[in-house]
Every structure is written in C-alpha cells, then in structure tokens.
Amino acid sequence: MSIKLHGAALSPFVRKTRVALAEKGLAFESVHVDPFSSPAEYSALNPLRRIPAMEDGDKVLADSGVICAYLEKAYPEPPLYPADAYEYGRALWLEKYADYEVAPQATFGVFRNRIVMKLAGKPCDEEKVQKALTEKLPPLFDYLETQIEGRDWFAGDAFSIADIAVATQCVNLQHGGEQVDPARWPALAAHIAKVHQRPSFARLIERESQFVAKVRGE
Ligand SMILES: N[C@@H](CCC(=O)N[C@@H](CS)C(=O)NCC(=O)O)C(=O)O
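Residues numbered from 1 in each chain as written. Predicted model: local features only at pLDDT ≥ 70, side-chain atom pairs only at ≥ 80, totals over all residues. Heavy atoms only, no water.

(A) Geometry of the packing of helix α3 (residues 85–119) against helix α5 (residues 161–175). Where α3 contacts α5, the two axes come as close as 8 Å, and the packing angle between them is 10°. For the element pair α3 / α5, the angle class is roughly parallel. Residue-level contacts link A91, L94, E95, A98, D99, V102, A103, A106, T107, V110, F111 and I115 of α3 to I161, A162, A165, V166, Q169, N172, L173 and H175 of α5. Within the contact of α3 with α5, the residues separate by chemical class into 14 nonpolar, 4 polar and 2 charged. (Axes fitted to C-alpha atoms, helices over the stretch in contact; angles between N-to-C directions. Helix = DSSP H or I, 4+ residues; strand = E, 2+ residues; numbered from the N terminus. Parallel < 35°, antiparallel > 145°, perpendicular 65-115°, else oblique. Contact = heavy atoms within 4.5 Å. Nonpolar A, V, L, I, M, F, W, Y, C, P; charged D, E, K, R; others polar.)

Shown next as structure tokens:
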C-alpha cells in the first residue's frame, strides 16, 4: 500500500480526503496525527502543521483540496470533478465555499466548541455556537439551497468534490448536535442526507458518531 493519509478522524478535511480515496476505490493507510500535538517531524509533510497530509510513495502533499486534485489526476476513475469547464469551475467554487465559509462556522464554531473543547476539558463558548447557528450559517445555507434546488448534484451531472466538501462540514455540524433544518432548507437537507448515505460517508459517520456520542455523554 503506497498511499498514507495523515490526520485525525473527526477533521472535516481529513474526512473529505478519505471519502475521495474511498470513492476512487484506493487503498490507503491512515496515520493518526493530532494537529494540536503533532510530532516535530510532521513539518516535513506539512510546514503549516495542519491535517491532512498525504504520502503517495515518495510524493508528499498537504491540504485536502490539493490532495483531492492530485488524486483526480493520478487516479482519474471514477471522476470526482465535472468534465465541463464551467461546471468544473462551479465545483471548485462550492468546494472553496464549504472549506472557507461553512467550515469556520459549522466546524470551528459549533463542532469545536461543543465537542473538541469538551474533549480538551475546556468550556464550550455557547455564545459563539449560537452566533454561528442563528447569524452566520443561515445566509450560507440560503445560498447553498439555491445551488442545489432542482438539481441532482451541486456541480455537473454527477457526484463531485462539491458534494463531498459541503457534506463533510455538515457531518461536523451533526456531531455538534445540530443539522441543516429541513423545514428551512429542504433541498439542501435532503441532499446532505443523500450524500451521507453513500458508503464512503456512511462508514466514517457511523464510526465517528459512536465516539462523539461518548464525548457527549450519551
Ligand atoms: N485548508 C486546509 C484546512 C486544514 C485544517 O484547518 N485542518 C485543521 C483540523 S480540522 C487543523 O489542522 N488545525 C490545526 C491548526 O490550524 O493548527 C485543508 O483543506 O486541508
């Protein structure tokens, strides 16, 4: 097995990469790296010391978006990016939107406070959670609703990196005890549920949820 993926299970960016690997049917070894206490030598894999990082034989790459783009070129089947130029651009846009707009609220606002802080024995900043839920996330979901309403997939006519990127942030939202409200964003909520049912996501969600339930004391 030549692909090694460095990271931790609950990271949305590591999950995004794991889903891409699974969808492409690629075997890989998971190497656990806690981004907050990673070994000094991890800098050789990612000088920013964030997760994920990937080794494919002697090739080293960091950042989920970069790793997924590499996988697409190195292992093109099945494609996870639309062939059409405009739909390809839309997929990248929605991936960026999920990684840089949704993640700061769903993952670093809700999930980090409700789960990671608890794991670290630190208090949850519930004010920050509520601000994310009531002020920051709704306009982001309003836009995503317009992008999925009446379509089967976020970009092009097949499952793509855009679906993976949005759905992985929503896993962390769910781990944090929240969800995309189906009454307010029906198309988005249904789409997320559909994507989470794919075996590539479902296996990870099941395993992670057992751990998160313990952290939440359920
Ligand atoms: N743009 C990066 C974001 C990666 C990221 O922020 N990972 C978090 C964990 S979810 C991390 O390593 N945080 C530690 C830090 O920022 O020092 C990617 O897509 O891989």
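Once you've had a look at it, read on.
(B) Region of the structure containing the domain arrangement of the protein. When cut into domains, the protein gives domain 1 (3–74) and domain 2 (85–215). Measuring from the centre of the C-alpha atoms in domain 1 to the corresponding centre in domain 2 gives 20 Å. Between domain 1 and domain 2, the residue contacts involve 16 residues of the former and 24 residues of the latter. Between domain 1 and domain 2, the buried area comes to about 1,500 Å², and carbon and sulfur atoms account for 66% of it. (Domains from an automatic or database assignment. Buried area = accessible area lost by both parts, 1.4 Å probe.)

(C) Main features of the pairing of strand β3 (residues 53–56). Burial along β3 is two-sided: A53 and E55 and M54 and D56, pointing in opposite directions, are all buried. As defined by bridge partners, strand β1 (residues 3–7) adjoins β3 across 4 bridges and the pair is classed as antiparallel. Considered in β3, the bridge of K4 is made with E55. As judged from the 4 bridges shared by β3 and strand β4 (residues 59–62), these two strands associate in the antiparallel manner. When the sheet's bridge partners are listed, D56 is paired in β4 with K59. (Buried < 20%, exposed > 50% of the residue type's maximum accessible area, 1.4 Å probe, protein only. Pairing = 2+ DSSP bridges.)

(D) Quick look at the site of the ligand. Taken together, S11, P12, F13, P35, R50, I51, P52, D63, S64 and Y100 make up all the residues around the ligand. Within the contact set of the ligand, a nitrogen atom lies 3.0 Å away from a side-chain nitrogen or oxygen of D63. Within the side chain of S64, one N or O atom sits 2.6 Å away from an oxygen atom of the ligand. Notes on the ligand: free accessible area 510 Å², of which the protein chains cover 80%. (Near = heavy atom within 4 Å. Polar contact = N/O pair within 3.5 Å; in protein donor to acceptor, adjacent residues only side chain to side chain. Areas by Shrake-Rupley, 256 points an atom, 1.4 Å probe, with all protein chains shown as cover.)

(E) The arrangement of the packing of aromatic side chains in detail. The tally for this structure, following the rule as stated, stands at 7 aromatic pairs. Between the aromatic rings of Y81 and Y88, the centroid separation amounts to 6.0 Å while the plane-to-plane angle is 50°, which identifies the pairing as tilted. Here Y81 falls in the buried class, since its relative accessible area comes to 10%. On the accessibility criterion, Y88 (39% relative accessible area) is partly exposed. In this structure an aromatic cluster arises from ring pairing among W93, Y97 and Y143. (Phe/Tyr/Trp six-rings, centres within 6.5 Å; stacked < 30°, edge-to-face > 60°.)

(F) Representation of the sheet that holds strand β2 (residues 29–32) within the structure. With respect to topology, 4 strands assemble into an open sheet ordered β2-β1-β3-β4, the strand pairing being mixed. Of all the strands in the sheet, just β2 and β4 have a single pairing partner and so form its edges. Put simply, the sheet's adjacent strands are angled 20° from each other on average, direction ignored. Its contacts with the sheet put helix α1 (residues 12–23) on β1 and β2, and the angle it makes with β1 is roughly 160°. Sitting on the sheet, helix α2 (residues 64–74) touches β1, β3 and β4, and the angle it makes with β4 is about 135°.

(G) The nonpolar core, seen in detail. By size, the foremost hydrophobic cluster in this structure holds 57 residues, and its most contacted members are L71, F141, L144 and L188. No other element matches the 9 residues that α5 contributes to this core. Shared between two domains, this core takes at least three residues from each, and those domains are domain 1 (3–74) and domain 2 (85–215). Beyond its immediate chain neighbours, meaning those up to four positions away, L188 contacts F141, L144, E145, I148, F154, V166 and V180. Ranked by size, the runner-up nonpolar core spans 5 residues in total, among them F111, I115, V212 and V215. (Core = buried A, V, L, I, M, F, W, Y, C linked by side-chain atoms within 4.5 Å.)

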